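So the chains spell out like this:
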Amino acid sequence: MEQVMSSINLSAIAPELILVVCSLLILLIQSFAPIRLKGWYGYVSLIGVVGAVAVVLTQPQSFELRAIEYSFNGMWVVDNYCRFFKLIFLLGTGLTILISIKYLDNEAMQHGEYYALIIFATLGMMIMSSGAELITIFLGVELMSISLYVLAGYTRNRMISNEAALKYFLLGSFATCFLLYGIALIYGSTGTTSIPAIAKFIAGAGFGGPTIVMGMALLVIGFGFKTASVPFHMWAPDVYEGAPAPVTAFMSAGPKAAAFAAFARIFMEALPSLQTNWTMLIWVMAVLTMSVGNVIALVQENIKRMLAYSSIAHAGYVLVAFLSAGERGISSILYYMLAYTCMNIGAFAVITVLAGKGEQRVRIADFRGLGYRHPIAALAMTLFLFSLAGIPPTGGFMGKFYIFSAAIKEGFVGLAIIGVINSVVSVYYYLRVTVAMYMQAPDTAAEKEIPVTVFSPALVIAIFISAYGVLSLGLFPSTYLAMVKLSFLTLL
Amino acid sequence: MNEYISVLIMLFLAAATAAGMIVATSLIGPKIEFADKMEPFECGESQIVSSKRRFSVKFYLVALFFVIFDIEAVFVYPWAVLFKDLGWFGFVEMMIFIAILTIGLIYVWRRGALEWE
């Protein structure tokens, strides 16, 4: 009994506790408060997110010390790696909430459940990044996924949103089974679910045998689905297109980063001895993910669908960094995920502004002449698209630069060449939107109309923060690099 | 061996009760045979119906609440068994757990999910 109590360390889960209290509070306000408090849910949840950020930054020591702290009998770990990821998730969540307030007003769906679910999903992601044990990570995956299934179908009067939710749920729960089966096989062959203990067992036994390799392969499938990597990407375009725009922004950034966080922790910390086995597997996946994502994005007419394929392609770049393993690979994953969160949510924020009520304007053709109708929105969109394409001086460029240089230093020259070719291909479809905005005149009267959604202060702040992030990551990378270098996995 | 006597008595009583019920119904119960009764599963539902029959989503809602709150109750049993060993620490932990559950119940209630009409 003494041992259980002594290993409970509430300060290690303080940011998570803040989020739990915040979301329960929102549910209670939703149940009791009068209607005029309606607009407040978003702000209450923002306070929770900011509080969690503050605690993550101070917990439990400064970034300079590369300390690692296990608690709850080795089920929970707090190190700089998970803290950096938590900051990425919270940034994504904060930006999403800022975008959502106005959007939900327009759709007349301002309910507390939306924010509660967003925060529950964030909580799941934080558990995924901090879990030092497979079942804890699985718990995080489930909490995140189930919240996202509901959020994808949040605009329940829109058919396409229902379709997205149903597809996501069916495919997602199927993929979760693979993950669970992989965990079961690894547990069966090592006798433990704790990540350090698995590493110790495999290192001691030399080679784990076929069951553990099977388990590893099943984990690749499970996480491949969660990160939308080819060939497990089929759900992404339909779900991203159907889900409400702020939810698409949310799930293209945070959950993807969370899946990579858990993926990298399990593979680098628990299964480093199997690196020869998974290198080949992930090499093929990375090439497929980059190529398929970019090539299919070329022909998309719907901008949300295009960004869905682009987000698949970006998962491919991150897989390149994943292969490089070691300090360089991990730190470039962290850097890239931060840049990606800023630029992708920024782009979706602009889409949210322009889509209008019921998301009527999501074709690329709807962006024609935007440079003259909404110069500032068009400028921000151009910045985010340039960053996604990897054009300097943006965060996207620096992120790709670090990923490909890490790949070359670790000997994956062929992979880096394929990656660079792919990012050249991607320039075409990103610039297509820019060309539409600045060099084409709107055809019909409907396209000339000024969109219904106008800027709200919160939306402007969200776009500004994203733009600031993209630019400062591109212009002053050294600050972030110093932080990233201290954040790589401590067990390596 | 002695400590198992009570278990054996319990086992015997349970088996005797079950057997007694079956014997009693077959001896004194009415025996009227009709088509519905002779079906493999006699449960008040027709076995072969159109797959397009619709029924209210409320049944699912109630079933879901039942499953959720029932599973949560399972966590309370081990705590009850170890109540004395866990002491105040366990008590406070369990109260927090139940408080979170109660918030869920309040939410469900206030949002009208428990009303049948």
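Reading the values: rules and limits
- Residues numbered from 1 in each chain as written.
- Chains lettered and ligands numbered in written order.
- Predicted model: local features only at pLDDT ≥ 70, side-chain atom pairs only at ≥ 80, totals over all residues.
- Helix = DSSP H or I, 4+ residues; strand = E, 2+ residues; numbered from the N terminus.
- Rg over C-alpha atoms; globule rule 2.2 N^0.38 Å.
- Buried ≥ 20, exposed ≤ 12 C-beta atoms within 10 Å, placed from the backbone.
- Contact = placed C-beta atoms within 7 Å.
- Nonpolar A, V, L, I, M, F, W, Y, C, P; charged D, E, K, R; others polar.
- Axes fitted to C-alpha atoms, helices over the stretch in contact; angles between N-to-C directions.
- Left-handed = near helix turned anticlockwise from the far one by under 90°.
- Arc of directions from axis to C-beta.
- Parallel < 35°, antiparallel > 145°, perpendicular 65-115°, else oblique.
- pLDDT = per-residue confidence, 0-100.

So, about the overall build of chain B. What chain B contains, in helices and strands, is three helices and zero strands. Tracing chain B from N to C terminus, the helices and strands come up as α-α-α. For a compact globule of 117 residues, the expected C-alpha radius of gyration is about 13 Å, and chain B comes in at 23 Å, more than 25% above that figure. Its C-alpha atoms give chain B principal-axis dimensions of roughly 60 × 55 × 20 Å. By the burial criterion, 0% of the 117 residues in chain B qualify as buried.

Next up on the list: the overall build of chain A. Within chain A, the regular secondary structure consists of 21 helices and two strands. A compact globule built from 492 residues should have a C-alpha radius of gyration of about 23 Å, and chain A, at 22 Å, falls within 12% of that. Sorting the 492 residues of chain A into buried and exposed places 56% on the buried side. Residue pairs in contact within chain A that sit at least 24 positions apart in sequence constitute 80% of those at least 6 positions apart.

Further remarks concern the environment of A:Ile160. Residues and elements named next belong to chain A. Assignment of secondary structure puts Ile 160 in helix H7 (residues 159-190). Given 14 C-beta atoms within a 10 Å radius, Ile 160 is considered partly exposed. Between the C-alpha atom of Ile 160 and that of Glu 241, which follows or precedes it by 81 residues, the distance is 8.0 Å. If near-sequence neighbours (up to four positions away) are discounted, Ile 160 is found in contact with Glu 241 and Gly 242.

Turning next to the interface of chain A and chain B. Between chain A and chain B, the contact holds seven residues from the first and eight residues from the second. At five residues, helix H2 (residues 14-32) of chain A tops the list of elements feeding residues into the side of chain A that touches chain B. Taken together, the residues of the side of chain A that touches chain B break down into six nonpolar, one polar and no charged.

With that out of the way, let us pick up the packing of H7(A) against helix H10 (residues 235-242) of chain A. Residue and element names in this part refer to chain A. Where H7 meets H10, the closest approach of the two axes is 8 Å, and the angle between their N-to-C directions is 145 degrees. By crossing handedness, the relation of H7 to H10 is classed as left-handed. In this structure, H7 uses Ile 160, Ser 161, Glu 163, Ala 164, Lys 167, Tyr 168 and Leu 171 to contact H10, whose residues at the interface are Trp 235, Asp 238, Val 239, Glu 241 and Gly 242. The residue makeup of the contact of H7 with H10, split by class, is six nonpolar, two polar and four charged.

With that out of the way, let us pick up helix H8 (residues 195-205) of chain A. Residue and element names in this part refer to chain A. What H8 keeps buried is the set Ile 195, Ile 198 and Ile 202. Take H8 and look down its axis: the buried residues cluster within an arc of 60 degrees, on one side only. Exposed positions of H8 whose direction lies more than 90 degrees from the buried face are Ala 203 and Gly 204. For H8, the secondary structure elements touched by its buried residues are H7, helix H9 (210-226) and helix H11 (245-270). At the exit of H8 stands Gly 206, carrying a positive phi of roughly 80 degrees.

Here we take up the packing of helix H4 (residues 80-107) of chain A against helix H20 (residues 457-475) of chain A. All names here are of chain A. Interhelical geometry of H4 versus H20 gives an angle of 150 degrees and a closest axis separation of 8 Å. Regarding the angle of H4 to H20, the classification is roughly antiparallel. Along this stretch, H4 crosses H20, giving a crossing that reads as left-handed. Here H4 contributes Leu 95, Leu 98, Ile 99, Ile 101 and Lys 102 to the contact with H20, which in turn contributes Ala 458, Leu 459, Ile 461, Ala 462, Ile 465 and Ser 466.

The next subject is unusual backbone geometry. Residue and element names in this part refer to chain A. Backbone torsion omega between Val 230 and Pro 231 reads 5 degrees, so that peptide bond is classified as cis. Here Pro 231 lies in the loop between H9 and H10. Pro 393 follows Pro 392 through a cis peptide bond whose omega is 5 degrees. Notably, Ala 228 is not glycine yet its phi reads approximately 55 degrees, a positive angle. Among the structural elements, Ala 228 can be located in the loop between H9 and H10.

This paragraph deals with the environment of A:Gly356. With respect to the element layout, A:Gly356 can be found in the loop between helix H14 (326-355) and helix H15 (370-373). Sequence spacing of A:Gly356 and A:Val433 is 77 residues, and the spatial spacing of their C-alpha atoms is 18 Å.

As a general rule, the predicted coordinates of low-pLDDT regions are not to be interpreted in detail. Mean pLDDT for chain B: 85, with 96% of residues reaching 70 or above. No element of chain B has a lower mean pLDDT than helix H2 (residues 58-81) of chain B, at 87, and none a higher one than helix H1 (residues 2-28) of chain B, at 90.

The next point concerns the environment of A:Ser273. Residue and element names in this part refer to chain A. Mapping Ser 273 onto the fold places it in the loop between H11 and helix H12 (275-297). As for Ser 273 and Ile 101, which are separated by 172 residues in sequence, their C-alpha atoms are 47 Å apart. With sequence-adjacent residues up to four places away left out, Ser 273 is seen in contact with Ile 202 and Ala 203.

Summarising the model, chain A shows a mean pLDDT of 88, and 93% of its residues fall at 70 or more. Mean pLDDT values over the elements of chain A span from 52, in helix H1 (residues 2-7) of chain A, up to 95, in helix H6 (residues 134-152) of chain A.

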